[in-house]
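Results of the structural survey
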Amino acid sequence: GQQVMQIPQYQHVQEGEDFTTYCNSSTTLSNIQWYKQRPGGHPVFLIQLVKSGEVKKQKRLTFQFGEAKKNSSLHITATQTTDVGTYFCAGVAGNMLTFGGGTRLMVKP
Amino acid sequence: GAGVSQSPSNKVTEKGKDVELRCDPISGHTALYWYRQSLGQGLEFLIYFQGNSAPDKSGLPSDRFSAERTGGSVSTLTIQRTQQEDSAVYLCASSSGLLTDTQYFGPGTRLTVL
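None of these values were measured; they are calculated from a predicted model. (Residues numbered from 1 in each chain as written. Chains lettered and ligands numbered in written order. Predicted model: local features only at pLDDT ≥ 70, side-chain atom pairs only at ≥ 80, totals over all residues. Heavy atoms only, no water.)

As a further point, take the overall build of chain A. Looking only at helices and strands, chain A features 0 helices and 11 strands. For a compact globule of 109 residues, the expected C-alpha radius of gyration is about 13 Å, and chain A comes in at 13 Å, within 12% of that figure. Restricting the contact set of chain A to residue pairs at least 6 apart, pairs at least 24 apart contribute 54%. Of the roughly 5,300 Å² of accessible surface on chain A, a fraction of 51% belongs to carbon and sulfur atoms. A distance of 7 Å separates the average location of the 11 positive side-chain charges in chain A from that of its 6 negative side-chain charges. (Helix = DSSP H or I, 4+ residues; strand = E, 2+ residues; numbered from the N terminus. Rg over C-alpha atoms; globule rule 2.2 N^0.38 Å. Contact = heavy atoms within 4.5 Å. Areas by Shrake-Rupley, 256 points an atom, 1.4 Å probe, with all protein chains shown as cover. Lys, Arg positive; Asp, Glu negative; His and termini not counted. Charge placed at Lys NZ, Arg CZ, Asp CG, Glu CD.)

Now the structure itself:
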């Protein structure tokens, strides 16, 4: 079955440092979505990528979809304490949507 | 409503008892999902309803788990004969319909089985 892996599982950074989480799928995806879950909260949609090689930016966040549509990344520039949380990718292939295990980001002020 | 709502927000039960968790999706959303999230873990897919189609139950961990969606709106997730390993946050999400549509999550129900 379809598998979506995320690395790293955890990441501690100093405030101001950059952060990247990677999402890899065992199958080619039709699209990929990214969600953020704050501690104690529920996942909230961030963005969706559809096209091969697509890059989208939201302020300090940069999202990429690989050329083969099997991987994606989320990069945060100059992290802030408000970036703390778990970032999930979710890939759609055929009639299946699969969430990655998430990357938990901790930011030291 | 403004968003997805779930009730109760917290449920404490004794091992062996049955529990029912409720989800009210966003009005007009035809797709509804249930997930389970154990402490510090990722999202475990349980079940997916889409319109009037037969639900995708492939994620249900055992036959103690069942879900229904009445009138294409409210959904109830039932866990029979609860076990301690069922303790988790149960999240419901709804979307406009397609798998590619944004999922809007409810606040979750925290289930504790003693």
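Now, onward.
Before going further, it helps to spend a moment on the overall build of chain B. In terms of helices and strands, chain B carries 0 helices and 10 strands. Listing every helix and strand of chain B by position from the N terminus yields β-β-β-β-β-β-β-β-β-β. For chain B, the C-alpha radius of gyration of 13 Å lies close to 13 Å, the compact-globule estimate for 114 residues. For the C-alpha atoms alone, the extent of chain B along its principal axes is close to 35 × 25 × 25 Å. Here chain B holds 114 residues, and the buried ones make up 47% of them. Restricting the contact set of chain B to residue pairs at least 6 apart, pairs at least 24 apart contribute 56%. Charge-centre separation for chain B: the mean point of 10 positive side chains lies 4 Å from the mean point of 11 negative side chains. (Buried < 20%, exposed > 50% of the residue type's maximum accessible area, 1.4 Å probe, protein only.)

Turning to the environment of B:Q37, a few remarks are in order. Inspection of the secondary structure puts B:Q37 in strand β4 (residues 31–37). Along the primary structure B:Q37 and B:G108 are separated by 71 residues, whereas in three dimensions their C-alpha atoms are 9.4 Å apart. If we ignore the near neighbours within four places in the chain, the residues touching B:Q37 are A:Q37, A:F88, B:G42, B:L43, B:A88, B:V89 and B:L91.

In this section: the side chain of A:Q37. Locating A:Q37 in the fold gives a position in strand β4 (residues 31–37). Reaching out from A:Q37, the side chain makes a polar contact with the side chain of B:Q37 at a distance of 2.9 Å. Those residues within four positions of A:Q37 in sequence are excluded, and the remaining contacts are A:H42, A:P43, A:G85, A:T86, A:F88, B:Q37 and B:L91. (Polar contact = N/O pair within 3.5 Å; in protein donor to acceptor, adjacent residues only side chain to side chain.)

Evaluation of the coordinates by the stated rule reveals 2 disulfides over all chains. Across a sulfur-sulfur distance of 2.0 Å, A:C23 and A:C89 are joined as a disulfide pair. With the S-S bond torsion at 75°, the cross-link from A:C23 to A:C89 turns out right-handed. Residue A:C23 is located in strand β3 (residues 19–25), and its partner A:C89 is located in strand β9 (residues 85–93); the two are separated by 66 residues in the primary sequence. One exposure class covers both A:C23 and A:C89, and it is buried. Two residues, B:C23 and B:C92, share a disulfide whose sulfurs are 1.8 Å apart. As the torsion about the S-S bond is roughly -60°, the B:C23-B:C92 disulfide counts as left-handed. (Disulfide = S-S within 2.5 Å.)

Residue and element names in this part refer to chain A. Note: β3 against strand β8 (residues 71–76), 6 bridges, orientation antiparallel. Looking across to β8, one finds that C23 is bridged to S72. In this structure, strand β7 (residues 61–65) lies alongside β8, joined through 5 bridges in antiparallel fashion. Within the sheet, the bridge partner assigned to L61 lies in β8 and is I76. Where β7 hands over to β8, the hairpin turn is made up of 5 residues, of which K69 adopts a positive phi near 55°. (Pairing = 2+ DSSP bridges.)

Turning to the side chain of A:K69, a few remarks are in order. All names here are of chain A. Structurally, K69 is set in the loop between β7 and β8. Within the buried core, K69 has no salt-bridge partner, and the shortest N-O distance to an opposite charge, that of E54, equals 7.6 Å. Polar contacts involving the side chain of K69 include one to the main-chain carbonyl oxygen of S30, which spans 3.4 Å. When near neighbours in sequence (up to four residues on either side) are disregarded, K69 contacts T27, T28, L29, S30, V50 and S52. (Salt bridge = Lys/Arg side-chain N within 4 Å of Asp/Glu carboxyl O.)

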